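Take a look at the letters that make up each chain.
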Amino acid sequence: MCRAFARYNRWMNDKVYASAARLTDEERKRDRGAFFGSIHNVLNHILVADRIWLGRLAGRVPEPGYIGVDGIKTLDQEIASDFDELRREREQTDGRIDAWAETVTADTLAGILRMGRKGRSREVPVWWVVMQLFNHQTHHRGQITNLLFQAGQDPGSTDVFTLLTQEAASSGSGGRAR
């Protein structure tokens, strides 16, 4: 399931970034009333959060004063103001998610993750963190697809079922697990 969600993540990111690329930079950065304001800022936030969760899953501990490794201080910290650079950073992070998903086992998901948040230590089941990683992406991409529609762009179907059906048809697997 983790591998399927990683593929879905990449597939949807490719779709929303392709739709967003058809907009001008001004349109992507226009405040549209979303929680993070603009399409660009929501795309950026998803990337920031993915990097925070991947760091935690890798057992990396952020420096004091940071919420994520690699210098992440805030959930709205801008990774890249240039859209093409943001897209490259997204693709790189999607590659990290894909590689991580390939290593996941039932034992991995049954494990405990130790993490710090707001100055206090927590222990949570790894599967909670995995659920958060993938659900968070889907939640905010739903916002982005709405913002894209408002801007005149249609990214097409966003259903994971559509991706899995396409994969099954192209592989001849009839929907069996990969």
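Residues numbered from 1 in each chain as written. Predicted model: local features only at pLDDT ≥ 70, side-chain atom pairs only at ≥ 80, totals over all residues. Heavy atoms only, no water.

Undergrad: Account for the overall build of the protein chain, naming residues and giving values.
TA: Per the secondary structure count, the protein chain includes seven helices and two strands. Counted from the first residue to the last, the protein chain has its helices and strands arranged as α-α-α-α-α-β-β-α-α. Taken against the 2.2 N^0.38 rule, which gives 16 Å for 178 residues, the C-alpha radius of gyration of the protein chain at 17 Å falls within 12% of a compact globule. On the principal axes, the C-alpha backbone points of the protein chain span a range of 45 × 45 × 25 Å. Going through the 178 residues of the protein chain one by one, you find that 42% of them count as buried. Accessible surface computed for the protein chain: about 9,800 Å², of which carbon and sulfur atoms make up 51%. Each charge class in the protein chain was averaged separately, 25 positive and 23 negative side chains, and the resulting centres sit 5 Å apart. (Helix = DSSP H or I, 4+ residues; strand = E, 2+ residues; numbered from the N terminus. Rg over C-alpha atoms; globule rule 2.2 N^0.38 Å. Buried < 20%, exposed > 50% of the residue type's maximum accessible area, 1.4 Å probe, protein only. Areas by Shrake-Rupley, 256 points an atom, 1.4 Å probe, with all protein chains shown as cover. Lys, Arg positive; Asp, Glu negative; His and termini not counted. Charge placed at Lys NZ, Arg CZ, Asp CG, Glu CD.)

Undergrad: Residue-level account of the packing of aromatic side chains, with values.
TA: Across all of its chains, the model carries five aromatic pairs by this definition. Centre to centre, the rings of Phe-35 and Phe-36 are 5.1 Å apart; their planes meet at 80 degrees, and the pair counts as edge-to-face. Phe-36 gets classed as buried once you look at its relative accessible area, which sits at 16%. Ring centres of Trp-127 and Trp-128 lie 6.3 Å apart, and the angle between their planes is 90 degrees; this geometry places the pair in the edge-to-face category. Among the residues examined, Trp-127 registers a relative accessible area of 42% and is labelled partly exposed. Among the residues examined, Trp-128 registers a relative accessible area of 44% and is labelled partly exposed. Directly above the ring of Phe-83 sits Arg-28, whose terminal nitrogen or CZ lies 4.0 Å from the centroid. (Phe/Tyr/Trp six-rings, centres within 6.5 Å; stacked < 30°, edge-to-face > 60°. Lys NZ or Arg CZ within 6 Å of the ring centre and 35° of its normal.)

Undergrad: Give me the lowdown on the packing of helix H1 (residues 2-21) against helix H7 (residues 160-171), citing residues and values where you can.
TA: Direction vectors running N to C along H1 and H7 enclose 105 degrees, while the axes themselves pass 10 Å from each other. Relative to H7, the element H1 lies roughly perpendicular. Contact residues: Ala-4, Arg-7, Tyr-8 and Trp-11 in H1; Val-160, Thr-162, Leu-163, Leu-164, Gln-166 and Glu-167 in H7. When grouped by side-chain class, the residues that make up the contact of H1 with H7 number six nonpolar, two polar and two charged. (Axes fitted to C-alpha atoms, helices over the stretch in contact; angles between N-to-C directions. Parallel < 35°, antiparallel > 145°, perpendicular 65-115°, else oblique. Contact = heavy atoms within 4.5 Å. Nonpolar A, V, L, I, M, F, W, Y, C, P; charged D, E, K, R; others polar.)

Undergrad: Kindly report on helix H4 (residues 83-103), identifying the contributing residues and their values.
TA: Taking 1.5 Å per residue, 21 residues should reach 30 Å; H4 reaches 31 Å between its end C-alpha atoms and fits that length. For H4, every residue scored as buried is listed here: Phe-83, Leu-86, Arg-90, Thr-93, Asp-94, Ile-97, Trp-100 and Ala-101. Buried residues of H4 fall within an arc of 120 degrees about the axis and therefore sit on the same side. Pointing more than 90 degrees away from the buried face of H4 are the exposed residues Arg-88, Glu-102 and Thr-103. Looking at the packing, one finds that the buried side of H4 touches H1, helix H2 (25-29), helix H3 (39-57) and helix H6 (126-150). The backbone nitrogen of Asp-84 has a side-chain oxygen 3.2 Å away, supplied by the residue at the start of H4, namely Asp-82. (Expected span 1.5 Å × (residues − 1). Arc of directions from axis to C-beta. Polar contact = N/O pair within 3.5 Å; in protein donor to acceptor, adjacent residues only side chain to side chain.)

Undergrad: How would you sum up the environment of Trp-11? Please name residues and give values.
TA: Checked against the element boundaries, Trp-11 lands in helix H1. Along the primary structure Trp-11 and Leu-133 are separated by 122 residues, whereas in three dimensions their C-alpha atoms are 16 Å apart. In this structure Trp-11 touches Ser-157, Thr-158, Asp-159, Thr-162, Leu-163 and Gln-166, once residues within four positions along its chain are discounted.

Undergrad: Give a description of the pattern of salt bridges that names residues and reports values.
TA: A pair can form between side chains of opposite charge whenever their charged atoms are brought close. In this structure the tally under the stated criterion is ten salt bridges. Put simply, Asp-94 and Arg-90 hold a salt bridge, and the shortest N to O gap is 2.8 Å. Of this pair, Asp-94 and Arg-90 both sit in helix H4, four residues apart, which is roughly one turn of that helix. By relative accessible area, which is 2% here, Arg-90 ends up buried. Here Arg-114 and Glu-123 are joined by a salt bridge, their closest N and O atoms 3.0 Å apart. The pair formed by Arg-114 and Glu-123 is uniform in burial state, with each residue classed as exposed. It is possible to trace a salt-bridge network through shared partners that takes in Asp-25, Arg-28 and Lys-29. (Salt bridge = Lys/Arg side-chain N within 4 Å of Asp/Glu carboxyl O.)

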